[in-house]
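One-letter residues, chain by chain:
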Amino acid sequence: MKRYLVLLMLLACWSSGTGSTSNLELDAYLSDYGREFQQLIYESTLAEWESNTRIVEGDSSNAIRTRRANEALARFVGSNDNIARIRGYLKDRDGLSPLQARQLEVMLYLAAEKPEPAADIVAQRIAAEAAQTEKLYGFQFKLNGQPVTPNAIDESLRVSSKLSARLAAWQQSKEVGPVLKPGILRLRDLRNKVVGSLGYPDYFSYQVSDYGMTADEMLRLNDDLIGELRPLYRELHTWARHELAKRYGVPVPDQLPAHWLPNRWGQDWGALVEVEGLDLNGALARHSAEWVMRQGEEFYRSLGFDSLPASFWKKSSLYPLAANAPYKKNTHASAWHLDLNGDLRSLMSVEPNREWYETVHHELGHVYYYMSYSNPDIPLVLRQGANRAYHEGIGSMIGLAALQRRFLAGRGLVPPGAAGDSMAQLLQEALSYVVFVPFAAGTMTRFEHALYAEQLPSDRFNQKWWELTLKYQGIVPPAARDERWADGLTKTHINDDPAQYYDYALSYAVLFQLHDHISRKILKQDPHDTDYYGNREVGTFLKRVMAPGATRPWREVLRETTGRELNGKAMAEYFQPLYSWLQQQNRGRKATLPDL
């Protein structure tokens, strides 16, 4: 297969009349690079997989293996020889095909995080990241003196009606922060130094450059997205303050106490609303976690996608560990493309409830995206999303579609004739999607920008986190939180997926632009009540979006598929009926969300 790929590349050069010696040499180099890159990244991700799925207290073998594999990958992608050759080829851009140029740009981007000129610093960073992973996912949470899982803490915040119980769960969720702070300080310095050796001012700017943007441009794009949704978020904030004060029997506060909300970081309030006639938790309680997983696969198959490979089911870690398991695992849901080809896995802790039902459809969106561009036409280094937000946007879009009434009725999860409360459904969606934007585009993005680009002092971590949480989300801690704590660091992404959280905010803009196109142009259905299931035209559209991987500029792909630039207009349009309804509900109530 690899020889066949090289032959195809050579034939393409000859047939297009560009078969010069330099082009033949470049294509051979790209092929050799891809082959070596695939082998090394497979060894690296296999080690990372073990580090995330089998965490044994006191056992450093996984960390050692992960460090060695990552060091080997770093030595290759960041070698002086590769950097010199890539830069040399890029000097003659006029002689390159768009596909050649794109590969070289991605290869240089990869080199910047692992450059040989900073080999000692790279090795230190890899070791520090492995150690941080062990601390983060090996931490034992306790509630009322008893060990509890993160899932149990999350469940308590979703369902508990007693403020004392909610406060205890919320406080426990923050206990890991101080444990992680020394590691983040070290990682911040190491990450900045590594990318600095290839000219990036800081790690945040480096990560943003993957979009072809500067840090300032990315911050403005996120600010614009927040601004487009701010009037709606202000109404949601006002509604939640009054509704929750009534629920808990206390006076209405100016800002939302963090432990009142059904999520550790206040990023998703969807659990505040139950939609009458759409009791998905009750319906799913009659099924198993395995049934939920198979339903996710069946959805994609109905659109014309292939079945998941047998190896996916054999090698994935999909369900919670037994209580007496001799090891722990990362409980944060994720999808893995280990070898950039057929080894596809997912790491989840699926339970038969609404949240995991949505998560399964979301994570399998990543897996099917991987499958779509894992073909000989896509060079190995370009087997990724059009940009990072595309992966999240497609997964989140399927998650949204999988929770709409028409879809659920078709799957037998709500009665066929159930009308449901359409406004409550829209409210529940807004409390998940709209509420998320100020957290992702504001709090998280600005905190990580301050961390890397502004060298946020260690004695201002908690102060900065809660300043941003107040400004963007209108949320305050239950009581004063001083610098003994590091509440922002409890968000896993700051530790192991750094300076990229704006991906999720932008993905929601992508989500609603794609969903608007599918519902109006393909399904001819109300965007608020769709059923993608079984529609092969929807599948064909999604394949057209996903199959190119990163071979084409992401802005072109978005314009061609949806006719829009990236912005929040489709999202604002989707929730316009709810905005009008909320204005009626909040009549006479004072809005106290801070101005930006």
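A. Region of the structure containing the overall build of the chain. The helix and strand tally for the chain stands at 25 helices and six strands. Relative to the 2.2 N^0.38 estimate, which gives 25 Å for 596 residues, the radius of gyration of the chain is 24 Å and therefore close to what a compact globule would have. Counting all 596 residues of the chain, 58% fall into the buried class. Put simply, of all contacts in the chain between residues at least 6 apart along the chain, 77% involve residues at least 24 apart. As displayed, the chain has an accessible area near 23900 Å², and 50% of this comes from carbon and sulfur atoms.

B. Just the environment of Arg460, in detail. The residue Arg460 is located in the loop between helix H18 (422-452) and helix H19 (461-473) in this model. Distance in space between the C-alpha atoms of Arg460 and Ala130 is 26 Å, their sequence separation being 330 residues. Ignoring sequence-local partners within four residues, the contact set of Arg460 consists of Glu467 and Glu483.

C. Up close: the pattern of salt bridges. Throughout the structure, instances matching the rule amount to 32 salt bridges. Here Asp189 makes a salt bridge to Arg188, at a shortest N to O gap of 3.1 Å. One connected set of salt bridges, linked through shared partners, spans Asp516, Arg520, Arg564 and Glu573.

D. Representation of helix H4 (residues 80-90) in the model. Asn82, Ile83, Ile86, Tyr89 and Leu90 are the residues of H4 that are buried. Along the axis of H4, the buried residues cluster in a sector spanning 135°; they form a single face.

E. Examining the confidence of the model for the chain more closely. With 96% of its residues at a pLDDT of at least 70, the chain reaches an overall mean of 93. Long-range and interchain partners of residues 1-21, a stretch whose pLDDT sits below 50, account for 16 contacts in this model, where long-range means more than four residues apart.

F. The arrangement of the packing of aromatic side chains in detail. Within this structure, the stated rule accounts for 39 aromatic pairs. Taking 4.8 Å as the distance between ring centres and 40° as the angle between the ring planes, the aromatic pair formed by Tyr33 and Phe76 counts as tilted. Taken together, the positions of Tyr33 in helix H2 (residues 21-53) and Phe76 in helix H3 (residues 61-77) put the pair 43 residues apart, joining distant regions of the chain. Considered together, Tyr33 and Phe76 belong to a single accessibility category, that of buried residues. Among the aromatic residues, those joined into a cluster by ring pairs are Tyr433, Phe436, Phe439, Phe447, Phe461, Trp465, Tyr501, Tyr504, Tyr508, Phe512, Tyr574 and Phe575. Note that Lys491 overlies the ring of Trp265, its terminal NZ or CZ placed 4.2 Å from the centroid. Lying across the ring of Phe305, Lys543 places its NZ or CZ 5.1 Å from the centre.

G. Molecular detail of the side chain of Thr490. By secondary structure assignment, the location of Thr490 is in the loop between strand S6 (475-476) and helix H20 (492-496). A distance of 3.0 Å separates the side chain of Thr490 from the side chain of Trp265, its partner in a polar contact. Those residues in contact with Thr490 that lie beyond four places of it in its chain are Ser173, Lys174, Val176, Gly177 and Trp265.

H. Region of interest: the side chain of Gln513. For Gln513, the position within the fold is in helix H21 (residues 502-523). Accessibility expressed as a relative area gives 1% for Gln513, which makes it buried. A polar contact is formed between the side chain of Gln513 and the backbone oxygen of Glu565, at a distance of 3.4 Å. When residues no more than four places from it in sequence are discounted, the contact partners of Gln513 are Leu558, Thr562, Arg564, Glu565, Leu566, Asn567 and Ala570.

I. Highlighting the pairing of strand S5 (residues 344-347). Every second residue of S5 is oriented toward a common face, with Leu344 and Ser346 on one face and Arg345 and Leu347 on the other, all of them buried. Summarising the sheet, strand S4 (residues 334-337) and S5 pair through four bridges and their orientation is antiparallel. Looking at S5, one finds that Trp336 is bridged to Arg345. Linking S4 back to S5 in an antiparallel pair, the connection comprises six residues, with Leu340 at a positive phi of about 60°.

J. Focus on the nonpolar core. Counting 178 residues, the largest nonpolar core has Leu236, Trp269, Tyr357, Tyr532, Leu542 and Phe575 as the members making the most contacts within it. At 18 residues, H18 tops the list of elements feeding residues into this core. Residues contacting Leu236, with those up to four places away along its chain left out, are Trp269, Leu427, Ala430, Leu431, Val434, Val435, Leu578 and Leu582.

Criteria and thresholds
- Residues numbered from 1 in each chain as written.
- Predicted model: local features only at pLDDT ≥ 70, side-chain atom pairs only at ≥ 80, totals over all residues.
- Heavy atoms only, no water.
- Helix = DSSP H or I, 4+ residues; strand = E, 2+ residues; numbered from the N terminus.
- Rg over C-alpha atoms; globule rule 2.2 N^0.38 Å.
- Buried < 20%, exposed > 50% of the residue type's maximum accessible area, 1.4 Å probe, protein only.
- Contact = heavy atoms within 4.5 Å.
- Areas by Shrake-Rupley, 256 points an atom, 1.4 Å probe, with all protein chains shown as cover.
- Salt bridge = Lys/Arg side-chain N within 4 Å of Asp/Glu carboxyl O.
- Arc of directions from axis to C-beta.
- pLDDT = per-residue confidence, 0-100.
- Phe/Tyr/Trp six-rings, centres within 6.5 Å; stacked < 30°, edge-to-face > 60°.
- Lys NZ or Arg CZ within 6 Å of the ring centre and 35° of its normal.
- Polar contact = N/O pair within 3.5 Å; in protein donor to acceptor, adjacent residues only side chain to side chain.
- Pairing = 2+ DSSP bridges.
- Core = buried A, V, L, I, M, F, W, Y, C linked by side-chain atoms within 4.5 Å.

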